[in-house]
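Okay, here's what each chain looks like letter by letter:
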Amino acid sequence: MALAIMPLHTSCFLVILIISTIEPTPSQDASPSVVISRNLPLPRLPINIPVVTRCSCLSLLMIWPKKDNVIGIYDTGEIQTDISRSVFIALPKKPGATEYELHRTISLMSHVTKILLRVVMMRIRSKIKPEIADEQYGFVEGKGTTNAIYKLHTLIQRAIEVQKDVYLCFIDYTKAFDRVRHDEIMKDLTQIKIDGKDLRVIKNIYWEQTAAMRVEGETSTYQKIKRGVRQGWVLSPDLFSLYSEFIMRSIEGLIGIHIGEHIINNLRYADDLTV
């Protein structure tokens, strides 16, 4: 079987489209190796297509029969049980850890869920991005803690030059990602006019999501998740940024440092806040 594989960080749908355009030949079926096809009718396809391992290729082929499921879910909004489910695995932060606080969890979910969420993310990101204020430095392309520290240092220097006192309050929200209210997320998405199908998919997955813990090979019973952004979602950073943005808009216009006509009274990096 012949496969042409795009880099793994690109859209999974593009991988599926590439696989579907290749017709296997008898000689290719008999060969255990992976053959690269360069003549694919897809726009802007790189010439040098990397080949992944045979195991990865088999995983991608397992996704292909489910593409109709993804399209059907997007059109109808009906969420299957395996898509709304996640399994959490606890990893110790240090050897010998036994307390809950000393573990971090990772979330396992189906390939179909990842594909569907990737598509939704690419559709709604163009509407979420303009809503995020310049004061947010987390989950923003081209920004990081270095930029936030530099801006804070510049503001303090400016205050010293004009002989003004600066008071800073550093806030670290406790379990911020786990305390997000689902109804508020939907309200925020509706307010920025997210497309109805995208909103319906997000809403149905959130409202129907369940999760279980897996410890030493044993899985607990599935329980409904009633709050928090879903761990492991490619959508979660954007949803959290939008959620926190609407909260921070309540302090716009309060006292701060004047830069031209703009008042800066907070700097943020995801859930870390300086007021």
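Quick look at the structure, then.

Thresholds, definitions, all that
- Counting of residues starts from 1 at the beginning of each chain's written sequence and follows it residue by residue.
- In keeping with the predicted nature of the model, local features appear solely for residues at pLDDT of at least 70, side-chain atom pairs appear and are counted solely at 80 or more, and the whole-chain, interface and lining totals rest on all residues.
- To obtain the side-chain values, all non-hydrogen atoms of the structure were included, while hydrogens and water were left out.
- Only protein chains enter the accessibility calculation, which uses a 1.4 Å probe; a residue whose area is less than 20% of its type maximum is buried, one above 50% is exposed, and one in between is partly exposed.
- Here a strand is any run of E in DSSP of at least two residues, a helix any run of H or I of at least four, and the numbering for each starts at the N terminus.
- By definition, the arc is the one covered by directions from the helix axis to the C-beta atoms.
- Residues count as neighbours in contact if any of their non-hydrogen atoms are within 4.5 Å of one another.
- For patch detection, residues must exceed 30% relative accessible area and be free of salt bridges, and they are connected within 9 Å for like charges or within 5 Å for nonpolar side chains (Val, Leu, Ile, Met, Phe, Trp, Tyr).
- For the area figures, the Shrake-Rupley method with a 1.4 Å probe applies, and any residue is considered shielded solely by the protein chains shown.
- When a carboxyl oxygen of Asp or Glu is within 4 Å of a side-chain nitrogen of Lys or Arg, the pair counts as a salt bridge.
- Aromatic pairing here means that ring centres of Phe, Tyr or Trp (its six-membered ring) are within 6.5 Å. Orientation follows from the plane angle: under 30 degrees is stacked, over 60 is edge-to-face, and everything else is tilted.
- Placement of a positive charge over a ring is assigned whenever Lys NZ or Arg CZ falls within 6 Å of the ring centre and within 35 degrees of the normal to the ring plane.
- The axes are straight lines fitted to the C-alpha atoms, using for helices just the contacting stretch, and the angles between their N-to-C directions are given from 0 to 180°.
- For this classification, under 35 degrees means roughly parallel, over 145 means roughly antiparallel, 65 to 115 means roughly perpendicular, and everything else is oblique.
- In the scheme used here, Gly and all other residues not listed as nonpolar or charged are polar, with Ala, Val, Leu, Ile, Met, Phe, Trp, Tyr, Cys and Pro taken as nonpolar and Asp, Glu, Lys and Arg as charged.
- In this description, strands pair whenever DSSP reports at least two bridges between them.
- Here a cavity is any set of points on a 1 Å grid over the protein atoms alone where a 1.4 Å probe fits but cannot get out, and a pocket is any open set with protein on both sides within 12 Å along at least 5 of 7 lines; a residue lines the site when it has an atom within 4 Å of a point.
- Grid points are joined across faces, edges and corners, and a volume is the space filled by probe spheres set on the points.

### Some thoughts on helix α8 (residues 182–191)
Burial in α8 covers these residues: H182, I185, M186, D188 and L189. Down the axis of α8, the smallest arc covering the buried residues is 160°, so these residues share one side. Considering only its buried residues, α8 is in contact with α6 (111–128), α9 (196–208) and α10 (236–248).

### Overview of unusual backbone geometry
Among all residues save glycine, negative phi is the norm, and among peptide bonds the norm is trans. With a phi angle near 60°, F139 is a residue other than glycine that sits in the positive phi range. Taking the relative accessible area as the measure of exposure, F139 reaches 42% and is therefore partly exposed. Of note in the backbone geometry, E216 takes a positive phi value of approximately 50° without being a glycine. Tracing the backbone shows E216 in the loop between β4 (210–215) and β5 (218–219).

### Considerations on a nonpolar patch on the surface
Taken together, the side chains of L91, I106 and L108 make up a nonpolar region of the molecular surface, amounting to roughly 210 Å² of accessible area. With respect to the helices, strands and loops of the structure, I106 is situated in strand β2 (residues 103–108). For I106, a relative accessible area of 35% gives the class partly exposed.

### Some details on the packing of aromatic side chains
Counted according to the given criterion, the structure contains three aromatic pairs. The structure contains a cluster of three or more aromatic residues connected by ring pairs, namely F139, F177 and F240. Lying over the aromatic face of Y222, R85 brings its terminal NZ or CZ to 4.0 Å of the ring centre. Lying across the ring of F246, R249 places its NZ or CZ 4.6 Å from the centre.

### Let's talk about the packing of α8 against α9
A pair of packed helices can be characterised by two numbers: the angle between their axes and the separation between those axes. At their nearest, the axes of α8 and α9 sit 11 Å apart, and the two run at 180° to each other. Accordingly, the angle class assigned to the pair α8 and α9 is roughly antiparallel. Note on element contacts: α9 touches α8 through L199, I202, K203, Y206 and W207, opposite H182, D183, I185, M186, L189 and T190. Among the residues forming the contact of α8 with α9, the class breakdown is seven nonpolar, two polar and two charged.

### Focus on the environment of Y74
With respect to the helices, strands and loops of the structure, Y74 is situated in helix α4 (residues 67–76). It is 6.7 Å that separates the C-alpha atoms of Y74 and K197, two residues lying 123 residues apart in sequence. Excluding residues that lie within four positions of it along the chain, Y74 makes contacts with L116, V120, R123, D195, K197, D198, R200 and V201.

### A short note on the pairing of strand β1 (residues 85–92)
Here five bridges tie β1 to β4, and the two strands are oriented parallel to one another. The residue of β4 that forms the bridge with S86 is A211.

### Notes on the pattern of salt bridges
The final tally for this structure, using the stated rule, is nine salt bridges. The shortest N-O distance in the salt bridge between R249 and E131 comes to 2.7 Å. A residue pair is termed long-range when its members are at least 10 positions apart, and R249 in the loop between α10 and β7 (257–259) and E131 in the loop between α6 and α7 (145–161) qualify at 118 residues. Residue classification places E131 among the partly exposed positions, given a relative accessible area of 24%. Among the salt bridges present, the one from E245 reaches R249, with a minimum N-O distance of 3.8 Å.

### What about the layout of surface pockets?
Over the atoms rolls a probe the size of a water molecule, and its path tells where empty space is left. Looking at the largest pocket, its volume works out to about 1,100 Å³. Lining the largest pocket are 33 residues, with Y100, T105, K175, D178 and Q231 positioned closest to its centre. Elements supplying a minimum of two residues to the lining of the largest pocket: β1, β2, β4 and α10. Partitioned by chemical class, the residues of the lining of the largest pocket number 13 nonpolar, eleven polar and nine charged. Along the walls of the second largest pocket sit 22 residues, with V166, I255, G256, I257 and I264 positioned nearest its centre. Elements supplying a minimum of two residues to the lining of the second largest pocket: α7 and β7. Of the residues forming the lining of the second largest pocket, the biggest block, four residues, is contributed by α7. Residue classes in the lining of the second largest pocket are distributed as 14 nonpolar, five polar and three charged.

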